[in-house]
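Notes for the structure review
Below are the chains, spelled out letter by letter.
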Amino acid sequence: MKTIRCTYPGGRHERGAAVVEFVLVAVFGGLFILLLGVFELGRALYVMNSANEATTLGARVAIVCGKNDVRIMQRMRQVLPNLADRDVLITYAPSGCSATTDSSGVACRSATVAIVSGLKIKTLIPLVPSDIPLPAYATTLTREAMDSASCG
């Protein structure tokens, strides 16, 4: 029997073709994964900044509008829509103070609005379902004009 050898024109020059193709796919695939990671990191930083801004706006409304006003959460949800009531802690100093200075007691001197830790950012990366936990955020503002006409 006779052995048949297949030769391709220029066969010597095609020995590393698979390696070159693998390197090209690996590099572009890696860059794509890196790009997804950069987008996800940017989105996480945006949400963290929004959480900080939400506490600032919530404290402003809390100190201007009065004790435990419903507009506090409304204003915070304009900035951070997925914020739940259980994620927010509003405290006034001194404890037991009242929103106005009347005969009922001491007026509030400051308001602190905090987003408790445990709130999570859901990632959008396909096939990698994970959550990024947000740190706790808090903002304290001193009394300006509780029950003011500029509350709206």
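Above this text is the structure in question.
Let us look at the structure shown here. Keep in mind that this is a model prediction, so the values were computed, not measured.

1. A closer look at the overall build of the chain
Looking only at helices and strands, the chain has two helices and five strands in total. Along its sequence from the N terminus, the chain presents helices and strands in the succession α-α-β-β-β-β-β. Evaluated residue by residue, the chain yields a buried proportion of 30% over its 152 residues. When the accessible area of the chain is evaluated, it comes to approximately 10600 Å², of which 62% is carbon and sulfur surface.

2. Considering the sheet that holds strand E2 (residues 110-115)
If you walk across this open sheet you meet the three strands as E1-E2-E5, and the pairing is antiparallel. Bordering the open sheet on either side are strand E1 (88-93) and strand E5 (137-142), each of which pairs with just one other strand. Between one strand and the next, the sheet's axes are offset by a mean angle of 15°, whatever the strand orientation. Across six bridges, the pairing between E1 and E2 is antiparallel. The partner of Leu89 across the bridge, within E2, is Ala114. Against the sheet, helix H1 (residues 17-65) contacts E1, E2 and E5, and its axis sits at roughly 30° relative to E5. Here helix H2 (residues 71-79) sits on the sheet and contacts E1 and E2; the angle it forms with E1, its principal contact strand, is near 130°.

3. Notes on unusual backbone geometry
At the junction of Ala93 and Pro94, the peptide bond is cis and its omega measures out at -5° in the coordinates. Tracing the sequence through the fold places Pro94 in the loop between E1 and E2.

4. With respect to the side chain of Glu40
Here Glu40 shows up in helix H1. Non-local contacts of Glu40, meaning those with residues more than four positions away in its chain, are made with Lys122, Thr123, Leu124 and Ile125.

5. Remarks on a nonpolar patch on the surface
On the surface, Val19, Val20, Phe22, Val23, Leu24, Val27, Phe28, Leu31, Leu34 and Val38 cluster together into a nonpolar patch covering about 980 Å² of accessible area. Secondary-structure assignment places Val27 in helix H1.

6. Regarding H1
If you check H1, its first and last C-alpha atoms are 71 Å apart, about what 49 residues at 1.5 Å a residue would give, namely 72 Å. Looking one or two residues past H1, Gly66 carries a phi angle of roughly 125°, positive in sign.

7. Describing the environment of Ile72
Inspection of the secondary structure assignment puts Ile72 in helix H2. Spatially, the C-alpha atoms of Ile72 and Arg60 are 8.4 Å apart, while their sequence positions differ by 12 residues. Discounting residues that sit within four places of it in the chain, Ile72 has contacts with Gly58, Val61, Ala62, Gly66, Ile90 and Tyr92.

8. Points about the packing of H1 against H2
Two numbers describe how H1 lies on H2: the axes approach to 8 Å, and their chain directions differ by 155°. Overall, the two elements H1 and H2 adopt an arrangement that is roughly antiparallel. Note that H1 runs across H2; the crossing there is right-handed. Contact residues: Ser50, Glu53, Ala54, Thr55, Leu57, Gly58, Val61, Ala62 and Cys65 in H1; Arg71, Ile72, Arg75, Met76 and Val79 in H2. Looking at side-chain class alone, the contact of H1 with H2 contains eight nonpolar, three polar and three charged residues.

Here is what the cut-offs are and how they apply
Residues numbered from 1 in each chain as written. Predicted model: local features only at pLDDT ≥ 70, side-chain atom pairs only at ≥ 80, totals over all residues. Heavy atoms only, no water. Helix = DSSP H or I, 4+ residues; strand = E, 2+ residues; numbered from the N terminus. Buried < 20%, exposed > 50% of the residue type's maximum accessible area, 1.4 Å probe, protein only. Areas by Shrake-Rupley, 256 points an atom, 1.4 Å probe, with all protein chains shown as cover. Pairing = 2+ DSSP bridges. Axes fitted to C-alpha atoms, helices over the stretch in contact; angles between N-to-C directions. Contact = heavy atoms within 4.5 Å. Patch = residues over 30% accessible without salt bridge, like charges linked within 9 Å, V, L, I, M, F, W, Y side chains within 5 Å. Salt bridge = Lys/Arg side-chain N within 4 Å of Asp/Glu carboxyl O. Expected span 1.5 Å × (residues − 1). Parallel < 35°, antiparallel > 145°, perpendicular 65-115°, else oblique. Left-handed = near helix turned anticlockwise from the far one by under 90°. Nonpolar A, V, L, I, M, F, W, Y, C, P; charged D, E, K, R; others polar.

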